[in-house]
Amino acid sequence: MKTNQELFVQQHKKHHRMILILRILLIVCFLLLWEYAARKNYIDAFFFSSPSDVYHCFIQLYQENNLLNHIGVTLLETICSFFLVILLSLLVASILWHFDKAAEVLEPYLVVLNSLPKSALAPLFIVWLGTGIRTIIVAGISVAIFGAIISLYTAFKQTDPEKIKLITTLGGNKKQAFYLVVIPYNIPVIISNMKVNIGLALVGVIIGEFLAAKRGLGYLIIYGSQVFKLSMVITSIVILCIIAMLFYGGLQTLEHHYKKKV
């Protein structure tokens, strides 16, 4: 006889398996429909390509254009941008939480900077920093950093005030309240913020590669569009989608492990 807890765990696993199967079926149906439409000329294969063309293009890029090097460069730039965004946003949000007056002064500026189109800043980064990996990492950071700071600071401010009051009542200071209450209370928010920021960092890196790179998937997209190799463009986009899914899956796994411990 199974206990209620065992039944709950079994139903939970069954639910996740069902979600995974539905996700796989959705992408398989999309690929089949795409291939069918291209073969029957419902869409122009030259402009829209097809899954089979994407596969052949992938093999060709792997054999002739050092595809793994391009993927590795984009991954390195994205990971560096992502971790710098996490560290900087946590640091600045923590400082703003500790100093209320500084937060009141800086908050409107953060909102304005977050609303700026980051693609407009990329040419400035090239002028200031030159071309190369440093510029691309800064472009990746610029897309995510201001939104991350605002999101984390807002979450820190909404921490249960009764718990903070308990720490101060017991003789603790603001720093102790931050490390004992605010950070543990907001770990789910930090992980959710990471799930958003990894995608934004990837977007920023690709914007940077469009303008200032000679390697990377963004460079392949621009090069393919310039020489009308649209299968190369779509293949690069598909690879970016796979990378984004892997990043998201890794962070979701981290979130599940945290929930299990809690």
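For the structure, check the block above.
Cut-offs used in this document
- Residues numbered from 1 in each chain as written.
- Predicted model: local features only at pLDDT ≥ 70, side-chain atom pairs only at ≥ 80, totals over all residues.
- Heavy atoms only, no water.
- 1 Å grid on protein atoms, 1.4 Å probe; cavity = no way out; pocket = protein on both sides within 12 Å on 5 of 7 lines; lining within 4 Å.
- Points joined across faces, edges and corners; volume = space filled by probe spheres on them.
- Helix = DSSP H or I, 4+ residues; strand = E, 2+ residues; numbered from the N terminus.
- Nonpolar A, V, L, I, M, F, W, Y, C, P; charged D, E, K, R; others polar.
- Salt bridge = Lys/Arg side-chain N within 4 Å of Asp/Glu carboxyl O.
- Buried < 20%, exposed > 50% of the residue type's maximum accessible area, 1.4 Å probe, protein only.
- Contact = heavy atoms within 4.5 Å.
- Phe/Tyr/Trp six-rings, centres within 6.5 Å; stacked < 30°, edge-to-face > 60°.
- Patch = residues over 30% accessible without salt bridge, like charges linked within 9 Å, V, L, I, M, F, W, Y side chains within 5 Å.
- Areas by Shrake-Rupley, 256 points an atom, 1.4 Å probe, with all protein chains shown as cover.
- Lys, Arg positive; Asp, Glu negative; His and termini not counted.
- Charge placed at Lys NZ, Arg CZ, Asp CG, Glu CD.

### A word on empty space enclosed by the protein
If a probe as big as a water molecule is rolled over the atoms, it shows which places are left empty. Applying the stated rule across the entire model yields one cavity of 30 Å³ or more. In this structure, the largest cavity occupies an estimated 40 Å³ of space. Lining the largest cavity are Leu-96, Ala-103, Glu-107, Leu-110, Ile-149, Ile-150 and Tyr-153. At the level of secondary structure, the elements contributing two or more residues to the lining of the largest cavity comprise helix H5 (100-115) and helix H7 (133-157). In terms of residue class, the lining of the largest cavity is made up of six nonpolar, no polar and one charged.

### Looking at the pattern of salt bridges
A full pass over the atoms with the stated rule returns three salt bridges. The residue Arg-39 makes a salt bridge to Glu-35 at a minimum N-O spacing of 2.6 Å. Taken together, the positions of Arg-39 and Glu-35, both in helix H1 (residues 4-39) and four residues apart, correspond to about one turn of that helix. Classification of Arg-39 as exposed rests on a relative accessible area of 61%.

### Side note on the environment of Phe-46
Residue placement: Phe-46 occurs in helix H2 (residues 45-48). Since its relative accessible area comes to 45%, Phe-46 is described here as partly exposed. Beyond its immediate stretch of four places on either side in the chain, Phe-46 contacts Phe-228 and Leu-230.

### Looking at the packing of aromatic side chains
The final tally for this structure, using the stated rule, is seven aromatic pairs. Judged by centre distance (5.4 Å) and plane angle (80 degrees), the ring pair of Phe-178 and Tyr-179 falls under edge-to-face.

### Looking at a positive patch on the surface
A surface patch of like charges, here positive, comprises Lys-13, Lys-14, Arg-17 and Lys-260. Among the elements that line the positive patch, the one with the most residues is H1, at three residues. Among the structural elements, Lys-260 can be located in helix H12 (residues 230-261). Classification of Lys-260 as exposed rests on a relative accessible area of 70%.

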